[in-house]
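# An overview of the molecular structure
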Amino acid sequence: QVQLVESGGGLVQPGGSLRLSCAASGFTFSVYAMSWYRQAPGKERELVATITTASGSTNYADSVKGRFTISRDNAKNTVYLQMNSLKPEDTAVYYCYVRTLSPNTRTWGQGTQVTVSS
């Protein structure tokens, strides 16, 4: 059973930092790209960042480029999202996501709330 468990969310002041973690299990973590999405109240879920496997290349939404960094530790089956220079508009529930072929599933984590406010 594929499982993703996020942690690390919380309340932070504008300009602050947070690091989110997503612990994965139930599949061969190292061979799949991993993504972070977010959903703000009243808005659609949007892709924040993706990291591939072998090369570890990354892609980011324009709104977070230069402030957020996605990384992975294949030995720990964990993907991270380092968020710096946080803004109130970054407030959202952040979700970890993976599309696997074996098993054939699309899996979301339960989400972790990030609130940026003074």
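Everything discussed here concerns the structure shown above.
Now for a description of the structure that goes with this document. (Residues numbered from 1 in each chain as written. Predicted model: local features only at pLDDT ≥ 70, side-chain atom pairs only at ≥ 80, totals over all residues. Heavy atoms only, no water.)

## Describing the state of the cysteines
- Applying the stated criterion across every chain, the model contains one disulfide.
- Covalent S-S linkage joins Cys-22 and Cys-96, the inter-sulfur distance amounting to 2.2 Å. On the sign convention where negative means left-handed, the S-S torsion of about -85 degrees between Cys-22 and Cys-96 marks this disulfide as left-handed. Here the residue Cys-22 occupies a position in strand S3 (residues 18–25), and Cys-96 occupies one in strand S9 (residues 92–101), the gap between them amounting to 74 residues. Considered together, Cys-22 and Cys-96 belong to a single accessibility category, that of buried residues. (Disulfide = S-S within 2.5 Å. Helix = DSSP H or I, 4+ residues; strand = E, 2+ residues; numbered from the N terminus. Buried < 20%, exposed > 50% of the residue type's maximum accessible area, 1.4 Å probe, protein only.)

## Details of unusual backbone geometry
- In this model, Ser-102 is joined to Pro-103 through a cis peptide bond whose omega is -5 degrees.
- With respect to the element layout, Pro-103 can be found in the loop between S9 and strand S10 (104–108).
- Look at Asn-77: it is not a glycine, yet its phi comes out positive at around 50 degrees.
- When you line up the elements, Asn-77 lands in the loop between strand S7 (68–73) and strand S8 (78–83).
- On the basis of relative accessible area, Asn-77 is assigned to the partly exposed category, the value being 26%.

Honestly, that's just the spatial picture; any functional story needs more than this.
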